[in-house]
Amino acid sequence: MTTPPDNDPPAPVSSEYVPPKVWTWTKASGGRFAAINRPIAGATHDKELPVGRHPFQLYSLGTPNGQKVTIMFEELLALGHAGAEYDAWLIRIGEGDQFGSGFVAANPNSKIPALVDRSGPSPVRVFESGAILLHLAEKFGAFVPKDGPARAECLSWLFWQMGSAPYLGGGFGHFYAYAPHKIEYAIDRFAMETKRQLDVLDRRLSESPYLAGPDYTIADIAVWPWYGGLAKGLLYGAGEFLAVHEYRNVQRWADTIGARPAVKRGRIVNRLQGDPKSQLRERHEASDFELRTEDKLEAKSA
Ligand SMILES: N[C@@H](CCC(=O)N[C@@H](CS)C(=O)NCC(=O)O)C(=O)O
C-alpha cells in the first residue's frame, strides 16, 4: 500500500455523498427552513409594503438581527431623539413575506431587517442590520464615537459581528438545532468556532466595560442579541452544551445590557416566539408597549 501525498483529499467512505459535476435544485434540502430556502433571488409575488406616519419605516421580525434595530430605535427615543419615531411592521419570513415585490425593493437580499428612511425629501432604503445601525447612529450623532481610535474600535466590533454571527447562526445553530440530521463533523466544527468567538468577546470584555471602550455603542447593540442571548442560554437550547457560564465577562456584559429599559422594549418588537406577554408584534406608538399582543387578542375577541 502506498502512502498518498499530503495534498491528496482523503478517499470518500462508500456511503458518503459524492457531489455531482453541477449542483441542481431538485429537492428541498430538509430542515427547519426548507420551505423558504431557494437558490435564486428576486420577488416571487407582488405585494406593496405598508407605510405608517413616522419618519422611519422598519420591516422586520424579532430575531437577533431584527432586535438590533428595534433596540437602537428605543435607545434613540430614550435619549430624547423624538425624530427617531418608527413604525415596525411584521415580516413573517416563514411565510415568504421577504419575497414580496415591496420588500425586495427595500432589500434585494430578501432578509429582515429592512429600513426605509422617510425623514428626508425622498425615501432612502437601508438594508443589512450593520448598515442600518450606522445610518441611524450617524444621523442622530449617538452611539458611535465621532472620530479617532474610539470610532475605529467601534466599527471594528460592529463588522466583527457581521462576519462572525453567520458561523454562530447559519453554522452552529443550524447544525445543532435545525438540520434534519445531527452531523457530528458539522456540529463539532461550528461549536469550536462559536466557543472561540465567545472567548474573543470574553477577553475583550475583561479589559473594557463595553466592546468599543467605556461607552455603550452600536457595537454592543449589534453583538448583544446574538452573543448575549447565547450566553444567557436563550439560543438553540445550547447553553449547557457550550458551557456558556464559563465566559464570565460576557455574562456581566450581557446582564448589564439586558437590564437597560430600551433594550427590554426593543427586544420584544416584531417578536413571534416565546411568552406572549413578551411579544409586541408591531410597534407604531410608544404606548403599544403597554398593551401587549395577548391583551390585544383578548380585547379583540371579547
Ligand atoms: N446580514 C444580515 C442577515 C439578515 C438575516 O439573516 N435575516 C434572516 C432572519 S434573522 C432572514 O431574513 N431570513 C430570511 C431568508 O433567509 O429567507 C443582517 O445583518 O441584516
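Everything quoted here is computed from the prediction, not taken from an experiment.

Some points on the pattern of salt bridges
Okay, so step 1: Summed over all chains, the structure comprises 12 salt bridges.
Okay, so step 2: Between Glu 85 and Arg 283 there is a salt bridge; the shortest N-O distance is 2.7 Å. With Glu 85 in the loop between helix 1 (64–78) and strand 2 (86–90) and Arg 283 in the loop between helix 8 (261–266) and helix 9 (293–301), the pair connects residues that are 198 residues apart, well separated along the chain. This pair shows no difference in class: Glu 85 is buried, exactly as Arg 283 is.
Okay, so step 3: Between Arg 203 and Asp 199 there is a salt bridge whose closest N-O contact spans 2.9 Å. Here Arg 203 and its partner Asp 199 are both found in helix 5 (residues 184–207), four residues apart, which amounts to about one turn of the helix.
Okay, so step 4: With a relative accessible area of 56%, Arg 203 lands in the exposed category.
Okay, so step 5: Relative accessible area serves as the criterion here: at 27%, Asp 199 is assigned to the partly exposed category.

Quick look at unusual backbone geometry
Okay, so step 1: With an omega of 0°, the peptide bond between Ile 112 and Pro 113 qualifies as cis.
Okay, so step 2: Phi at Phe 143 takes a positive value of approximately 65°, unusual for a residue other than glycine.
Okay, so step 3: Within the secondary structure, Phe 143 sits in the loop between helix 3 (129–140) and helix 4 (148–178).
Okay, so step 4: Here Tyr 236, not a glycine, exhibits a phi torsion of approximately 60°, which is positive.
Okay, so step 5: Mapped onto the secondary structure, Tyr 236 falls in the loop between helix 6 (218–231) and helix 7 (248–258).

A few points about helix 5
Okay, so step 1: With 24 residues, helix 5 should cover 34 Å at 1.5 Å per step; its first-to-last C-alpha distance of 35 Å lies within 8% of that length.
Okay, so step 2: Residues Ala 186, Ile 187, Phe 190, Ala 191, Glu 193, Thr 194, Gln 197, Leu 198, Leu 201, Asp 202, Arg 204 and Leu 205 constitute the buried set of helix 5.
Okay, so step 3: Along its buried surface, helix 5 packs onto helix 4, helix 6 and helix 7.

Things to note about the sheet that holds strand 3 (residues 114–117)
Okay, so step 1: With mixed pairing, the four strands of this open sheet are ordered in space as 2-1-3-4. If you trace the sheet from one side to the other, it starts and ends with strand 2 and strand 4 (124–127), each paired once. Going from strand to strand, the sheet's axes swing by 20° on average, the running direction of each strand aside.
Okay, so step 2: As paired strands, strand 1 (residues 56–60) and strand 2 are joined by five bridges and run parallel to one another. Looking at the pairing, Ser 60 lines up with Leu 90 of strand 2.
Okay, so step 3: Against the sheet, helix 1 engages strand 1, strand 2 and strand 3, with an angle of about 150° to strand 1.

Focus: the site of the ligand
Okay, so step 1: By nearness alone, 13 residues border the ligand, and Gln 98, Lys 111, Ile 112, Glu 128 and Ser 129 come closest of all.
Okay, so step 2: In the environment of the ligand, an oxygen atom lies 2.5 Å from a nitrogen or oxygen atom belonging to the side chain of Lys 111.
Okay, so step 3: At 2.8 Å from an oxygen atom of the ligand is found a main-chain nitrogen or oxygen belonging to Ile 112.
Okay, so step 4: For the shell around the ligand, the residue count by class is five nonpolar, five polar and three charged.

Remarks on the nonpolar core
Note that soluble globular proteins tend to have their nonpolar side chains buried in a common cluster.
Okay, so step 1: One finds Met 72, Phe 73, Leu 136, Ile 218, Tyr 227 and Trp 253 to be the most contacted residues of the largest nonpolar core, which totals 63 residues.
Okay, so step 2: Put simply, the parts of the chain that give this core at least two residues each are strand 1, helix 1, strand 2, helix 3, helix 4, helix 5, helix 6 and helix 7.
Okay, so step 3: Of the residues forming this core, the biggest block, 10 residues, is contributed by helix 6.
Okay, so step 4: Not counting the four nearest positions on each side in its chain, Ile 218 is found in contact with Met 72, Leu 133, Leu 134, Ala 137, Phe 143, Val 144, Cys 154 and Leu 158.
Okay, so step 5: Among the nonpolar cores identified, the runner-up in size contains 10 residues, and Leu 61, Trp 89, Ala 106 and Ile 112 belong to it.

Some details on the confidence of the model for the chain
Regions with low pLDDT carry predicted coordinates that are not meant to be interpreted in detail.
Okay, so step 1: Chain-level statistics for the chain give a pLDDT mean of 92 and a share of 90% at 70 or above.
Okay, so step 2: Between residues 297–302, whose pLDDT stays under 50, and residues either more than four places distant or in other chains, the model counts zero contacts.

Brief notes about the side chain of Asp 117
Okay, so step 1: Its place among the elements puts Asp 117 in strand 3.
Okay, so step 2: According to the relative accessible area criterion, Asp 117 is buried, its value standing at 2%.
Okay, so step 3: A distance of 2.8 Å separates the side chain of Asp 117 from the side chain of His 135, its partner in a polar contact.
Okay, so step 4: Not counting residues up to four positions away in its chain, the partners in contact with Asp 117 are Pro 55, Phe 56, Ser 122, Pro 123, Val 124, His 135 and Lys 139.

Some points on a nonpolar patch on the surface
Okay, so step 1: There is a patch of nonpolar side chains on the surface, built from Tyr 17, Trp 23, Trp 25 and Ile 40 and spanning about 550 Å² of accessible area.
Okay, so step 2: The topology assignment puts Trp 23 in the segment before strand 1.

The rules behind each value
Residues numbered from 1 in each chain as written. Predicted model: local features only at pLDDT ≥ 70, side-chain atom pairs only at ≥ 80, totals over all residues. Heavy atoms only, no water. Salt bridge = Lys/Arg side-chain N within 4 Å of Asp/Glu carboxyl O. Helix = DSSP H or I, 4+ residues; strand = E, 2+ residues; numbered from the N terminus. Buried < 20%, exposed > 50% of the residue type's maximum accessible area, 1.4 Å probe, protein only. Expected span 1.5 Å × (residues − 1). Contact = heavy atoms within 4.5 Å. Pairing = 2+ DSSP bridges. Axes fitted to C-alpha atoms, helices over the stretch in contact; angles between N-to-C directions. Near = heavy atom within 4 Å. Polar contact = N/O pair within 3.5 Å; in protein donor to acceptor, adjacent residues only side chain to side chain. Nonpolar A, V, L, I, M, F, W, Y, C, P; charged D, E, K, R; others polar. Core = buried A, V, L, I, M, F, W, Y, C linked by side-chain atoms within 4.5 Å. pLDDT = per-residue confidence, 0-100. Patch = residues over 30% accessible without salt bridge, like charges linked within 9 Å, V, L, I, M, F, W, Y side chains within 5 Å. Areas by Shrake-Rupley, 256 points an atom, 1.4 Å probe, with all protein chains shown as cover.

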